[in-house]
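This is what each chain is made of:
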Amino acid sequence: MDFRFSAEAQAIRDEAEDFVKKEWQNPGYDLTGGLAGWHGNEEEREAGHEVARQFAKKLVKQGWYTMHWPSEYGGQDASIEKQLAYREVMSYNDAPASLGGGLVAPVLMVHGQDWQKDLFLPLLANADIEFAQGFSEPDAGSDLAGLKTRAVRDGDDYVVSGQKIWGTYRNDWIHILVRTDPDAPKHRGITYLLARLKDEDGNYMPGIQVRGIKDGTNNHRWDELFMENWRVPANNIIGEENRGWYAAMTTLSFERSNIGRPAQLLRTLEQFIDWGGMVRDEGGDTPLDRAEIRHRLAEWRVRIETLRSLCYRVGWMQSEGMIPQKESSMVKFFGDELFQHIYRGLAQIMDGYGNLLPTNNERFSLPDDGFLPARGWQSIGTSIGGGTREIQKNIIAQRGLGLPR
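Throughout this document, residue positions are counted from 1 along each chain, in the order its sequence is written. The predicted nature of this model means local features are confined to residues of pLDDT at least 70 and side-chain atom pairs, given and counted, to a pLDDT of 80 or more, with totals for whole chains, interfaces and linings taken over all residues. To obtain the side-chain values, all non-hydrogen atoms of the structure were included, while hydrogens and water were left out.

1. What about the overall build of the chain?
For the record, the criterion: Only DSSP runs of H or I reaching four residues or more are called helices, and only runs of E reaching two or more are called strands; each is numbered from the N terminus. Within these notes, the globule rule equals 2.2 Å times the number of residues to the 0.38 power, and the radius of gyration is based on C-alpha atoms. Each residue gets one of three labels from its accessible area relative to the maximum for its type: buried under 20%, exposed over 50%, partly exposed in between, using a 1.4 Å probe on protein chains only. Contacts are residue-level and defined by heavy atoms, with any inter-residue pair within 4.5 Å sufficient.
From N to C terminus, the chain includes twelve helices and eight strands. For the chain, the C-alpha radius of gyration of 22 Å lies close to 22 Å, the compact-globule estimate for 405 residues. Projected onto the principal axes, the alpha-carbon positions of the chain cover approximately 75 × 50 × 45 Å. A total of 405 residues make up the chain; the buried ones form 48% of that total. Within the chain, counting contacts between residues at least 6 apart in sequence, those at least 24 apart form 71% of the total.

And the structure:
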């Protein structure tokens, strides 16, 4: 097996390494997103978002932001290998927004109406718009097809009522799944819509209410969205009515190996080792002077490389035209567990320092730019969001081992 990159992939890897060192200086915000994100207060939340947006603009200018898009939509048809090499470098350097368009761009390319493609794809390609995602609900997370948000056709509109959760509903637009046929089997009867959350003045549309959700560290990471008789033009539909589930599952051939996870963990581990060699206890010893800690660090380093290999396997399978179903679940399961072990384990090794918030970073110069303890506290959610650990085990058992349901 040859783990070396092709000349093209190595070239983008080297170029991205030089670019990110020159153009990206972490300003003290956690911009990794997902369940490990730290926003602090609302002012920092908005400032961090603007920093990420400006960096995305640099990637647009560089021609990298939509390298993974098909050429017919202005992309480069970048190979999976090239995407993987690029994303790994960006994630290791903790840089945000390495590839643009999210889930909504490929869905529009395949299922969008002409006016939707003409309006939104250029805005997405230039990092001029972001969509909130209206998928998860209080009783429909891993079992997303069980969603209950109801949309009833009324003339030229859908009238939508229900609740979404675990998103950040601060954008002007949202792509959202709603149930239009309550009597159909749960994977059917779902419709995919684009909708305005805010009007042109920045006010929420009639029928929309958003409430922030804070975690145990008083950090505002998520929102919940309440909809009551919210009117959405029926022409905003993506694909066909009652077939939104199948449109939402569109992924095209975009890189989905989750290579960012081992890259981020490696960076954290290396920063901790640098920090752990300098901080001393009352006896003058550092954490690295303890054999048991060195053994734990070595074990985590081996596991990171194992996760990296699993991610490479997923990328290789995609490049060969295969669909990595059980393999993607293996990456999710193993990566979530390792994320928790490393962040919670390192915070424990840090002793009192492991209880500090990122706001203490200037004084103590903590590893992971001060975010390590907070990510340790928040890491429990990584095995829930995006499909629970139990869901991943079921996929591996059924599609990997051929076990019965």
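Read on for the rest.
2. Focus: the packing of aromatic side chains
For the record, the criterion: Centres within 6.5 Å make a pair out of two Phe, Tyr or Trp rings, where for Trp the six-membered ring is used; the pair is then stacked when the planes are under 30 degrees apart, edge-to-face when over 60, and tilted otherwise.
One pass over the structure, following the stated rule, counts 14 aromatic pairs. Consider the rings of Phe-19 and Phe-55, whose centres lie 6.2 Å apart with planes at 45°: the pair is tilted. One end of the pair, Phe-19, is in helix 1 (residues 7-23); the other, Phe-55, is in helix 2 (residues 42-62), with 36 residues separating them in the sequence. Where Phe-272 meets Trp-275, the ring centres are 5.9 Å apart and the plane angle is 40°; that geometry is what we call tilted. Highlighted residues: Phe-272 and Trp-275, both in helix 7 (residues 260-276), separated by three residues, approximately one helical turn. Trp-275 carries the same exposure label as Phe-272, and that label is buried. Among the aromatic residues, ring-to-ring pairing joins Phe-19, Trp-24, Phe-55, Trp-64 and Tyr-86 into one connected group.

3. Description of the environment of Gln-10
Within the fold, Gln-10 resides in helix 1. Of the residues examined, Gln-10 reaches a relative accessible area of 30% and is grouped as partly exposed. The spatial distance from the C-alpha of Gln-10 to the C-alpha of Ala-85 is 7.1 Å, given a sequence separation of 75 residues.

4. Looking at the pattern of salt bridges
Basically, it comes down to this: In what follows, salt bridge is the name for a side-chain nitrogen of Lys or Arg lying within 4 Å of a carboxyl oxygen of Asp or Glu.
Applying the stated rule across the entire model yields 26 salt bridges. For Glu-23, the salt bridge is made with Lys-58, and the minimal N-O distance between the two is 3.3 Å. Remark: Lys-58 occurs in helix 2 and Glu-23 occurs in helix 1; sequence separation between them is 35 residues. Assessed through its relative accessible area of 24%, Glu-23 is described here as partly exposed. Residue Glu-327 is joined to Lys-326 by a salt bridge in which the shortest nitrogen-to-oxygen separation is 2.8 Å. Salt bridges sharing common partners tie together Arg-13, Glu-88, Arg-301, Glu-305 and Arg-308.

5. Some remarks on the layout of surface pockets
Quick reminder of the rule: Any residue with an atom within 4 Å of a point lines the site, the site being either a cavity, points on a 1 Å grid over the protein atoms alone where a 1.4 Å probe fits but cannot get out, or a pocket, an open set with protein on both sides within 12 Å along at least 5 of 7 lines. Grid points are joined across faces, edges and corners, and a volume is the space filled by probe spheres set on the points. Here the nonpolar group is Ala, Val, Leu, Ile, Met, Phe, Trp, Tyr, Cys and Pro; Asp, Glu, Lys and Arg are the charged ones; every other residue, Gly included, is treated as polar.
Taken as a whole, the second largest pocket spans an internal volume of roughly 460 Å³. Forming the walls of the second largest pocket are 15 residues, and the residues nearest its centre are Asp-2, Tyr-312, Arg-313, Gly-315 and Trp-316. Of all elements in the fold, only helix 3 (80-92) and helix 8 (291-319) reach the threshold of two or more residues within the lining of the second largest pocket. Per element, the largest residue contribution to the lining of the second largest pocket is six residues, and it comes from helix 8. For the lining of the second largest pocket, the per-class residue count stands at seven nonpolar, four polar and four charged.

6. Details of the nonpolar core
Our working rule: Put simply, buried Ala, Val, Leu, Ile, Met, Phe, Trp, Tyr and Cys residues joined by side-chain atoms within 4.5 Å make one nonpolar core.
Counting residues in hydrophobic clusters, the biggest one holds 50 residues, and the most contacted among them are Leu-59, Trp-64, Tyr-86, Met-90, Leu-265, Trp-300 and Leu-346. Only helix 1, helix 2, helix 3, helix 7, helix 8 and helix 9 (325-349) provide two or more residues apiece to this core. Among the elements that take part in this core, helix 8 stands out by supplying nine residues, more than any other. If we ignore the near neighbours within four places in the chain, the residues touching Leu-265 are Ile-304, Leu-307, Leu-338, Phe-339, Ile-342 and Tyr-343. Among the nonpolar cores identified, the runner-up in size contains 26 residues, and Ala-105, Phe-120, Tyr-192 and Leu-194 belong to it.

7. Some details on helix 4 (residues 104-111)
Counted residue by residue, helix 4 has six buried out of eight residues, so it is predominantly covered. Taken residue by residue, helix 4 has Val-104, Ala-105, Pro-106, Val-107, Leu-108 and Met-109 as its buried positions. Against the buried residues of helix 4 lie helix 5 (114-125), strand 1 (131-134), strand 4 (173-179), strand 5 (190-196), strand 8 (237-238) and helix 6 (244-248).

8. Things to note about a negative patch on the surface
The criterion, for reference: Without a salt bridge and with relative accessible area above 30%, a residue can belong to a patch; like charges are then joined within 9 Å and nonpolar side chains (Val, Leu, Ile, Met, Phe, Trp, Tyr) within 5 Å. Surface exposure here means Shrake-Rupley accessible area, sampled with a 1.4 Å probe, where a residue is shielded only by the protein chains that are shown. All tallies of charge rest on Lys and Arg as positive and Asp and Glu as negative; His and the ends of each chain are not included. Charge placement uses NZ in Lys and CZ in Arg. For Asp and Glu, CG and CD serve respectively.
Negative charge collects at one region of the surface, where Asp-281, Glu-282, Asp-285 and Asp-289 lie side by side. For Asp-281, the location among the structural elements is in the loop between helix 7 and helix 8. The exposure class of Asp-281 is partly exposed, given its relative accessible area of 45%.

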